[in-house]
Amino acid sequence: MNSSTTTSGLAFDIQLSQARKTPQQRAEILENPGFGTVFTDHMVTIRYTEGTGWHDARLEPYAPLQLDPATAALHYAQEIFEGLKAYRHPDGSIACFRPDVNATRLNTSARRIAMPDLPEELFIGSIATLLEHDADWVPTTPGNSLYLRPFMIATDVGLGVNNPSRTYLFLVIASPAGSYFKGGVAPVTVWLSEDYTRAAPGGTGAAKFAGNYAASFAAQSQAVEKGCDQVVWLDAVEHRWVEEMGGMNLFFVFGSGPEARIMTPELTGTLLPGVTRDSLLKLAPELGVPASEGRLSTDQWREGAASGELTEVFACGTAAVITPVGHVKSEQGEFTIGDGTPGPVTMRLREELVGRQEGTRADSDGWIHRFA
Ligand SMILES: *Cc1c(COP(=O)(O)O)cnc(C)c1O
């Protein structure tokens, strides 16, 4: 990798789609967007070549990629991604929530998978370019947003497995999004996975690496077979310490009323450092709810729920924001958190976070990045 390459000032070549959806077609899609199934008229592509750096930045019509069947990403899974949302604020402007943190995390992931860094101004510039041309796709209905999916793939052609690719393709695609889990804030039932692990020490768990997801689908299917909505991952060494839920971070609420405090599993290197997780660690204390990072075993989870000391549990991530966990199942049995319904701390944090993202609450921490 040539790190001396300077990329600032890279201009986007704009090629507009000749087949844009009509306002009427778009309105129909935005009425019931679902999640991640329909895409906007354009996409961003930027190429990387070792020695040259990032080049050929483009806005193009959204279209299938043409890839040689021997493209490295298809064989050795050199692929990372990000996920963030663009919101329509009440004043009509378009904003993202902490996109700089996504830019930084993309590069943390890139280093773990031996990919090149993408300069933050190119990451932000890609989003700005796409939002400029697909602005009409940002929903105006509160609760809906435009989900942005930046990702990077290795594009060298050949089956040699000894070296990372020397060429890469970075893309941003966008998809209007409604509520991620059907039913909005309906509590989920989780399965504690003891057969499978998501991430081991020294592995790729802290990277937003596509392979982590490939490795999770069997466990997710097992959770569904057990009558659960989502899988909860335990640590790979002792199979005791709670790490994450599916593709979301977890928070535990202890106590209630003015005594309530929240705790989330600490970043041991096997957890994905979520932007939502980080934001809640800062936001909760501003609402008078102390927040900490720590660890919790499956025994402590069950005993806490039984004694009533553990009052609420919720998962958090960009796509679903905050989802209450109502019920827990494992080979050892099952138990309910509180009365199984969304708790007051969960709902208060959700309301404040969503309000800040959608621009109906003050941006006290400077987390909003306005694009247009
Ligand atoms: C993306 C992701 C999260 C949540 O991260 P956010 O930045 O809050 O969206 C949590 N866990 C995993 C495994 C993820 O991939």
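Residues numbered from 1 in each chain as written. Predicted model: local features only at pLDDT ≥ 70, side-chain atom pairs only at ≥ 80, totals over all residues. Heavy atoms only, no water.

## Description of empty space enclosed by the protein
Point 1. All told, the structure shown has one cavity of 30 Å³ or more when counted by the stated rule.
Point 2. As a volume, the largest cavity reaches approximately 90 Å³.
Point 3. In terms of lining residues, the largest cavity is bounded by Gly83, Leu84, Lys85, Tyr87, Phe97, Asn102, Val275, Thr276, Thr318, Leu353 and Gln357.
Point 4. Broken down by secondary-structure element, the contributors of at least two residues to the lining of the largest cavity are strand 5 (84-88), helix 7 (275-286) and helix 9 (344-358).
Point 5. Among the elements that make up the lining of the largest cavity, the one with the highest residue count is strand 5 (three residues).
Point 6. Its residues placed into classes, the lining of the largest cavity shows five nonpolar, five polar and one charged.
Point 7. Three or more residues apiece are contributed to the lining of the largest cavity by two domains, here domain 1 (2-177) and domain 2 (188-358). (1 Å grid on protein atoms, 1.4 Å probe; cavity = no way out; pocket = protein on both sides within 12 Å on 5 of 7 lines; lining within 4 Å. Points joined across faces, edges and corners; volume = space filled by probe spheres on them. Helix = DSSP H or I, 4+ residues; strand = E, 2+ residues; numbered from the N terminus. Nonpolar A, V, L, I, M, F, W, Y, C, P; charged D, E, K, R; others polar. Domains from an automatic or database assignment.)

## With respect to helix 1 (residues 23-31)
Point 1. Turning to helix 1, its buried residues are Arg26, Ile29 and Leu30. End-on, the buried residues of helix 1 take up no more than an arc of 95°, which puts them together on one face. The exposed set on the far side of helix 1, more than 90 degrees from its buried face, consists of Gln24, Glu28 and Glu31.
Point 2. Looking at the buried side of helix 1, the elements it contacts are strand 8 (167-177). (Buried < 20%, exposed > 50% of the residue type's maximum accessible area, 1.4 Å probe, protein only. Arc of directions from axis to C-beta. Contact = heavy atoms within 4.5 Å.)

## Side note on the pairing of strand 16 (residues 321-330)
Point 1. Among the 10 residues in strand 16, 10 count as buried, and that is most of the element.
Point 2. Relative to strand 16, strand 9 (residues 188-192) runs parallel, the two sharing four bridges. Bridge pairing links tryptophan 191 to lysine 329 in strand 16.
Point 3. Relative to strand 16, strand 15 (residues 310-317) runs antiparallel, the two sharing four bridges. Paired with glycine 317 across the two strands is valine 321, which belongs to strand 16.
Point 4. The hairpin turn running from strand 15 into strand 16, its antiparallel successor, is three residues long. (Pairing = 2+ DSSP bridges.)

## Here's the deal with the domain arrangement of the chain
By a widely used convention, the size of an interface equals the accessible area lost when the partners come together.
Point 1. By domain assignment, the chain separates into domain 1 (2-177) and domain 2 (188-358).
Point 2. The C-alpha-based centres of domain 1 and domain 2 are spaced at 28 Å.
Point 3. Tallying the contact residues gives 25 residues for domain 1 and 22 residues for domain 2.
Point 4. Here domain 1 and domain 2 share an interface that buries about 1,900 Å² over both sides, 59% of which is from carbon and sulfur atoms.
Point 5. Broken down residue by residue, the surface that domain 1 buries against domain 2 is led by Phe81, Phe97 and Arg105, which jointly contribute 31%.
Point 6. Between the two partners, domain 1 and domain 2, sit one salt bridge.
Point 7. At the junction of domain 1 with domain 2, the criterion picks out 12 residue pairs in polar contact (both at pLDDT 80 or more).
Point 8. Among the elements that take part in the side of domain 1 that touches domain 2, helix 3 (residues 99-112) stands out by supplying five residues, more than any other. (Buried area = accessible area lost by both parts, 1.4 Å probe. Salt bridge = Lys/Arg side-chain N within 4 Å of Asp/Glu carboxyl O. Polar contact = N/O pair within 3.5 Å; in protein donor to acceptor, adjacent residues only side chain to side chain.)

## Here we look at the environment of alanine 128
Point 1. With respect to the element layout, alanine 128 can be found in helix 4 (residues 120-133).
Point 2. Residues alanine 128 and methionine 347 lie 219 residues apart in sequence; the distance between their C-alpha atoms is 32 Å.

## With respect to the packing of helix 3 against helix 4
Point 1. Between helix 3 and helix 4, the least distance of the axes is 9 Å, while the angle of their chain directions is 125°. As the angle between them shows, helix 3 and helix 4 are arranged oblique. Crossing angle aside, the handedness with which helix 3 passes helix 4 is right-handed. Residues Pro99, Asp100, Asn102, Ala103, Thr104 and Leu106 of helix 3 form the contact with helix 4, whose own contacting residues are Glu120, Phe123 and Ile124. (Axes fitted to C-alpha atoms, helices over the stretch in contact; angles between N-to-C directions. Parallel < 35°, antiparallel > 145°, perpendicular 65-115°, else oblique. Left-handed = near helix turned anticlockwise from the far one by under 90°.)

## Comments concerning the pairing of strand 6 (residues 94-97)
Point 1. Both faces of strand 6 are covered, namely the face carrying Ile94 and Cys96 and the face carrying Ala95 and Phe97.
Point 2. Across three bridges, strand 5 lies against strand 6 in antiparallel orientation. Across the sheet, the residue bridging to tyrosine 87 is alanine 95, located in strand 6.
Point 3. In terms of strand pairing, strand 6 meets strand 18 (residues 368-370) through three bridges, oriented antiparallel.

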